[in-house]
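Listed below, chain by chain, are the residues.
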Amino acid sequence: MKIAVVGTGYVGLVTGTCFAEVGIDVTCIDIDQRKIDNLHKGILPIYEPGLEEMVTRNVAAGRLHFSTKLAEAIKGCDVAFIAVGTPPGEDGSADLKYVLGVAREIGENMTSYGVIVTKSTVPVGTAAKVRKEIADALARRNETIEFDVASNPEFLKEGAAIDDFLKPDRIVVGVSSERAEEVMSRLYKPFLLNGHPIIFMDIPSAEMTKYAANSMLATKISFMNDIANLCEIMGADVNMVRKGIGSDARIGTKFIYPGIGYGGSCFPKDVKALIKTAEENGYQMQVLQAVESVNEAQKEVLYNKVRKHFGGELSGKKIAVWGLSFKPKTDDMREAPSLVIIEKLLAEGCTVSAYDPVAMEEAKHSLGDTITYAKDQMEALIDADALLIVTEWPEFRVPNFEVMSRLLKQKVIFDGRNIYDAAELQAAGYAYHCIGVKTAHHEPA
Ligand SMILES: NC(=O)C1=CN([C@@H]2O[C@H](COP(=O)(O)OP(=O)(O)OC[C@H]3O[C@@H](n4cnc5c(N)ncnc54)[C@H](O)[C@@H]3O)[C@@H](O)[C@H]2O)C=CC1
Ligand SMILES: O=C(O)[C@H]1O[C@H](OP(=O)(O)OP(=O)(O)OC[C@H]2O[C@@H](n3ccc(=O)[nH]c3=O)[C@H](O)[C@@H]2O)[C@H](O)[C@@H](O)[C@@H]1O
């Protein structure tokens, strides 16, 4: 089989590389010439554990190609994935201009039957718009080439993208013809052989499945943050409550970790987009509206703790920040809670010294020279009045608190991801604050 993947970002590059890994001939296409030039030099546009080796291996095997020329690459393809961005528009709805632009370009250049698949997260009804773009382009060419469209939403998580793609809980494929189902079954056969189920359904249901999945996950997070905030008021320990409810198989242990709110390029945009889709069709997604407002407020919880601890007077304080990316094992800074927290600290006259194992360069696009970028996590602590844990990178989990106490000006830690043991830190003489556990706020000396 020969496929094209249009859009070489987190999803497109992982999708193309993983299909090449299972023996498919893949061309990944992007309009960003710099990205493609770098890929030809083995330089990846994103950080994703294990991806660089997999790209190198499959380019060397002659199965994985990169190009900016969609017109050429699409010729003779059995399947073309559209994996370009669907950023939120002004009103929160998904902006489909990139998706529909690619559909049009495919229609203008395809030469034989193929299945055009939306891999991007798109609102219900988008495949019909893709179909129209292609049909109109073929009509303009006076061509009668047959084609099908399909919806194959992606569920990979950044930082675990390869594993999630190659060992999915399920593969969801929306089709509207047996021919398309046959092609997609053939494409995903290697995954089926490894016992990963494909669920075929109608196209609108596949499009909706993606939004419902992300919205359910975001709901779990905001619910747990709501519970954490109440635990703090009531003197309960949310870390114990998490274990207490997660042990119920109906709830499960995943995605019920309280923190400083969810970020990333998708939960925020997809929750907004689903709310908007509903509104446009006369329905109010009341639960999701609450999920969104809880999440916005949660990004201020850690900052409020810092402010309270220092008696409302932050001007001149030096704050160390460990973690900038929106989650560990990625360099992605899109909607990272660190950006909200740092902005508020700077506005109060603090100075910030930050360290992130991977996202420092990416963070500079948003933060510029407004903060100091430490060369390692310990350097960030020098003379700091407090340390904030914002992203729970593995490197931060078992530091040497003794060494840290000699670098910090004050032994104060605000743990935004509840990765430390309160008793251990308090025994070591630290003022320790985390999410969802009532802690004493020392009156400032
Ligand atoms: N990032 C993630 O973890 C996941 C993202 N998704 C969805 O996948 C889609 C893509 O997301 P990302 O990969 O994160 O986006 P991205 O922004 O990382 O990559 C999009 C790529 O498409 C390219 N592009 C834009 N217009 C193009 C065109 N006309 N022709 C060729 N290339 C073009 C851009 O240059 C960019 O490299 C979105 O709809 C997103 O919601 C779905 C699951 C996971
Ligand atoms: O559509 C997408 O882009 C993807 O969005 C998420 O994946 P991702 O955003 O990469 O990362 P997650 O691991 O889901 O974390 C999202 C946010 O939730 C936060 N989170 C996660 C889990 C948790 O228990 N608590 C919590 O606050 C993380 O810190 C992060 O800010 C989904 O998990 C993927 O299934 C989906 O494909």
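By the naming in an unreviewed UniProt entry, the protein chain is UDP-glucose 6-dehydrogenase, taken from Hymenobacter endophyticus. Quoted straight from UniProt, the Sequence similarities (unreviewed entry) entry for the protein chain says "Belongs to the UDP-glucose/GDP-mannose dehydrogenase family." Turning to the protein chain, the UniProt record has this under Pathway (unreviewed entry): "Nucleotide-sugar biosynthesis; UDP-alpha-D-glucuronate biosynthesis; UDP-alpha-D-glucuronate from UDP-alpha-D-glucose: step 1/1."

Attention now moves to the sheet that holds strand β11 (residues 372–373). Reading across the sheet, the six strands line up as β11-β10-β9-β12-β13-β14 and stay open at both edges, with parallel pairing between neighbours. The open sheet has two edge strands, β11 and β14 (431–434), and neither has a second partner. In the sheet, strand β9 (residues 318–322) pairs with strand β10 (residues 351–355) via five bridges, with the strands oriented parallel. Pairing of lysine 318 across the sheet is with threonine 351, part of β10.

The next subject is the site of ligand 2. Around ligand 2 there are 19 residues in total, and Phe155, Leu156, Glu158, Lys210 and Cys266 lie nearest to it. One of the backbone nitrogen or oxygen atoms of leucine 156 is found 2.7 Å away from an oxygen atom of ligand 2. In this structure, asparagine 214 approaches ligand 2 through a side-chain N or O atom, which is 2.9 Å from an oxygen atom. At four residues, helix α10 (residues 203–234) tops the list of elements feeding residues into the shell around ligand 2. Tallied by class, residues from the shell around ligand 2 come to eleven nonpolar, two polar and six charged.

What follows concerns the site of ligand 1. In the vicinity of ligand 1, 25 residues are found, and the nearest of them are Asp30, Lys35, Thr86, Glu158 and Lys269. One of the side-chain N or O atoms of lysine 35 is found 2.5 Å from an oxygen atom in ligand 1. Threonine 86 is positioned with one of its side-chain polar atoms (N or O) 2.7 Å from an oxygen atom of ligand 1. For ligand 1, the accessible surface in isolation is 830 Å², of which the surrounding protein chains cover 88%. Taken together, the residues of the shell around ligand 1 break down into ten nonpolar, eight polar and seven charged. Mapped onto the domain boundaries, the shell around ligand 1 takes at least three residues apiece from domain 1 (2–201) and domain 2 (211–297).

Looking now at the packing of aromatic side chains. This model, assessed by the stated rule, comprises twelve aromatic pairs. The interplanar angle of 65° and the centroid separation of 5.3 Å between the aromatic rings of tyrosine 188 and phenylalanine 191 together place this pair among those described as edge-to-face. For tyrosine 188, a relative accessible area of 2% puts it in the buried group. Under the relative-accessibility criterion, phenylalanine 191 is labelled buried at 2%. Ring pairs connect the aromatic residues Phe19, Phe81, Phe165, Tyr188 and Phe191, which therefore count as one cluster. We note arginine 170 situated over the ring of phenylalanine 155; from NZ or CZ to the ring centre the distance is 3.5 Å.

Another aspect to go through is the domain arrangement of the protein chain. We note that the domain assignment places domain 1 (2–201), domain 2 (211–297) and domain 3 (299–442) within the protein chain. For domain 1 and domain 3, the distance between their C-alpha centroids amounts to 39 Å. Tallying the contact residues gives seven residues for domain 1 and eight residues for domain 3. Both faces combined, the contact of domain 1 with domain 3 buries some 640 Å², and carbon together with sulfur accounts for 47% of it. Linking domain 1 to domain 3 there are one salt bridge. The closest approach of N and O atoms between arginine 334 and glutamate 158, which form a salt bridge, is 3.6 Å. For the pair domain 1 and domain 3, the number of links is three residue pairs in polar contact (both at pLDDT 80 or more). Partitioning the side of domain 1 that touches domain 3 into residue classes produces four nonpolar, one polar and two charged.

The next thing to look at is the UniProt feature "domain: UDP-glucose/GDP-mannose dehydrogenase C-terminal" (unreviewed entry) in the protein chain. Feature annotation in UniProt assigns "domain: UDP-glucose/GDP-mannose dehydrogenase C-terminal" (unreviewed entry) to the following positions: residues 320–422. As annotated, residues 320–422 comprises 26% helix and 17% strand, and the C-alpha atoms at either end are separated by 19 Å.

Here we come to the confidence of the model for the protein chain. Atomic detail in the predicted coordinates should be set aside for any region of low pLDDT. Per-residue confidence for the protein chain gives a mean pLDDT of 97, with 99% of residues at or over 70. Among the prediction metrics, the complex's ipTM stands at 0.98, with pTM recorded as 0.97.

Tracing the backbone shows glutamate 146 in the loop between α6 (126–140) and β6 (147–151). Non-local contacts of glutamate 146, meaning those with residues more than four positions away in its chain, are made with Met110, Ser112, Tyr113, Gly114 and Arg179. Among the polar contacts made by the side chain of glutamate 146, one reaches the side chain of arginine 179 at a distance of 2.7 Å.

Before going further, it helps to examine the pattern of salt bridges. Counted under the stated rule, the structure contains 29 salt bridges. With a shortest N-O distance of 3.5 Å, arginine 417 and glutamate 392 are connected by a salt bridge. One end of the pair, arginine 417, is in the loop between β13 (412–415) and α18 (422–427); the other, glutamate 392, is in the loop between β12 (386–389) and α17 (401–407), and 25 residues separate them in sequence. Each of the salt bridges in this network shares a partner with another, and the network as a whole consists of Glu158, Asp332 and Arg334.

Here the focus is the pairing of β12. With burial as the criterion, each face of β12 is covered, one bearing Ala386 and Leu388 and the other bearing Leu387 and Ile389. Judged from the four bridges that link them, β9 and β12 form a sheet pairing that is parallel. Bridge pairing in β12 links valine 321 to leucine 388. Note that the unit made of β12, α17 and β13 has a crossover that is right-handed.

So, how was this worked out
Residues numbered from 1 in each chain as written. Chains lettered and ligands numbered in written order. Predicted model: local features only at pLDDT ≥ 70, side-chain atom pairs only at ≥ 80, totals over all residues. Heavy atoms only, no water. UniProt positions renumbered as here; feature names shortened; annotations may be inferred. Pairing = 2+ DSSP bridges. Helix = DSSP H or I, 4+ residues; strand = E, 2+ residues; numbered from the N terminus. Near = heavy atom within 4 Å. Polar contact = N/O pair within 3.5 Å; in protein donor to acceptor, adjacent residues only side chain to side chain. Nonpolar A, V, L, I, M, F, W, Y, C, P; charged D, E, K, R; others polar. Areas by Shrake-Rupley, 256 points an atom, 1.4 Å probe, with all protein chains shown as cover. Domains from an automatic or database assignment. Phe/Tyr/Trp six-rings, centres within 6.5 Å; stacked < 30°, edge-to-face > 60°. Buried < 20%, exposed > 50% of the residue type's maximum accessible area, 1.4 Å probe, protein only. Lys NZ or Arg CZ within 6 Å of the ring centre and 35° of its normal. Contact = heavy atoms within 4.5 Å. Buried area = accessible area lost by both parts, 1.4 Å probe. Salt bridge = Lys/Arg side-chain N within 4 Å of Asp/Glu carboxyl O. pLDDT = per-residue confidence, 0-100. Right-handed = clockwise from strand over helix to strand, strands pointing away.

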